[in-house]
Amino acid sequence: MADTQTPPGTAADEPGATAGRPAGRPPGPTSRRRTRSRTTTGSGRMAALLVSPTLLVLSVVVLYPTLMALRESLYGTKGLDPVTGFIRTTEPFVGLKNYSEIFGPAGDRFWNAFWNTTFFTVVTVGLETVIGVAMALIMHRAFRGRALVRAGILVPWAVPTAISALLWRWIFNSNGIANALLGHQILWTTEGFHAKVAVVVAEVWKTAPFIGLLVLAGLQVIPREVYEAARIDGAGAPRQFWHITLPLVRPALLVAVLFRCMDALRMFDLPYILIGAQKNSVETLSMLAQDEASNVRFGPASAYAVLLFLYVFLIAFAFVRLLGADLVGGAARGRRGENRRRRITTPRRAEVTA
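The sections below set out a description of the structure shown in this document.

Parameters at a glance
- Residues numbered from 1 in each chain as written.
- Predicted model: local features only at pLDDT ≥ 70, side-chain atom pairs only at ≥ 80, totals over all residues.
- Heavy atoms only, no water.
- Core = buried A, V, L, I, M, F, W, Y, C linked by side-chain atoms within 4.5 Å.
- Buried < 20%, exposed > 50% of the residue type's maximum accessible area, 1.4 Å probe, protein only.
- Helix = DSSP H or I, 4+ residues; strand = E, 2+ residues; numbered from the N terminus.
- Contact = heavy atoms within 4.5 Å.
- Expected span 1.5 Å × (residues − 1).
- Bend = angle between axes of the 7 residues up to and from the residue.
- Salt bridge = Lys/Arg side-chain N within 4 Å of Asp/Glu carboxyl O.
- Axes fitted to C-alpha atoms, helices over the stretch in contact; angles between N-to-C directions.
- Parallel < 35°, antiparallel > 145°, perpendicular 65-115°, else oblique.
- Left-handed = near helix turned anticlockwise from the far one by under 90°.
- Nonpolar A, V, L, I, M, F, W, Y, C, P; charged D, E, K, R; others polar.

### A word on the nonpolar core
Ranked by internal contacts, the top residues of the largest apolar core, which has 44 residues, are Phe172, Val199, Val215, Leu274 and Ile275. Listing elements by their share of this core, those giving two or more residues are helix H3 (108-140), helix H5 (161-171), helix H7 (193-219), helix H8 (224-232), helix H9 (237-265), helix H10 (269-274) and helix H12 (298-323). Considering each element in turn, this core owes the most residues, 12 residues, to H7. Leave out the neighbours within four places in its chain, and Leu274 touches Ala165, Trp168, Arg169, Phe172, Thr189, Ala198, Val199 and Ala202. Ala113, Leu265, Leu288 and Val312 belong to the second largest nonpolar core, which has 12 residues in total.

### Here's the deal with H9
The periodicity of an α-helix, 3.6 residues per turn, causes residues three or four places apart in sequence to face the same way. With 29 residues, H9 ought to run about 42 Å at 1.5 Å a step, yet its terminal C-alpha atoms sit only 35 Å apart, falling short of that. At Arg250, H9 shows its maximal bend, which comes to roughly 60 degrees, and the proline Pro251 appears one to four places after that position.

### What to know about the pattern of salt bridges
Counting across every chain of the model gives eight salt bridges. For Glu203, the salt bridge identified is with Arg260, shortest N-O distance 2.7 Å. Of this pair, Glu203 sits in helix H7 while Arg260 sits in helix H9, and the two are 57 residues apart along the sequence. Residues Glu203 and Arg260 agree in their burial class; the two are buried. Of the charged contacts in the structure, one is a salt bridge between Glu292 and Arg297, with a shortest N-O distance of 2.7 Å. What makes Glu292 buried here is its relative accessible area of 7%.

### Details of the side chain of Ser286
Its location among the elements puts Ser286 in helix H11 (residues 285-294). Here Ser286 is in contact with Arg266, Met267, Phe268 and Leu308, once residues within four sequence places are set aside.

### Some details on the packing of H7 against H9
Running from N to C, H7 and H9 point in directions that differ by 140 degrees, and their axes come no closer than 8 Å. Judged on the interaxial angle alone, H9 and H7 are oblique. Here the hand of the crossing between H7 and H9 comes out right-handed. Along its contact with H7, which presents Glu203, Thr207, Phe210, Ile211, Leu214, Val215, Gly218 and Leu219, the element H9 presents Thr245, Val249, Ala252, Leu253, Ala256, Phe259 and Arg260. Split into classes, the residues belonging to the contact of H7 with H9 amount to 10 nonpolar, three polar and two charged.

If you want it as structure tokens, here you go:
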């Protein structure tokens, strides 16, 4: 009997393949694993190729300015040279001095801006979440004139922030509508807590429809059969809201709140136009960095910008890890566990049938 040579790369040449395997039997687990790895590698290369233009743009627009700001924060202002007594022509290298000064007496302005930024973020995002969910529930109901109501609710979000700040500045004028309705003469655009209230009111009016729009998108994908089953079981409107609506719109709501937190942390144009610059009551980190840069103190301005970037990054990271882990990680863990159970049970079934 002549010897038959099996060409390399066939199923019989693979490790784990038996010589007496019938022709109709499917390939072994090693062959399936190799095929799956080749498919995964090809999909990964295609995904990297498609994402590479976006990564290139982000590197140019985000990564490069961030690195340049980090480098600039290590230099001080020109000023006078203490050795020669002449004005420096270049910025001196000061290392981490711009960062260490925020923990001294010179950092009072920084911490005031930091707490103002945190206050505006917590208060405005909290109010916007409550009002936005209420707007979404109103826009989701079927009634006559719903399209007009939706358009009216979404108009404030479409107005540019600078125009919105000017409109609210007229409202909060000493002779404006706000004082006429309250019956008191309040100078809203001066120092004090009332300036914070003016910024919060204008910001909530401007951006609450954004959360309402995203929550509305989440409401429209909830099947009506879920509410019908709840009504049959005797659940009222409050129980349906807490046990059906909120859990099902939670992914869209979390995304909306995350975007609003990152946007509120870098608030600049609204308090700058509505109240004014260099007002301790409403000065944020973005306003502080802009004021330092406008006074040719690029080193401290870059340091404040870097700290603001780190603040936003930490808030976003903590938000995703603490509140969004069960949305992504839980589903992924469930799929991985299911795939693992399938891989374990499939060879056992094959052994039984053999």
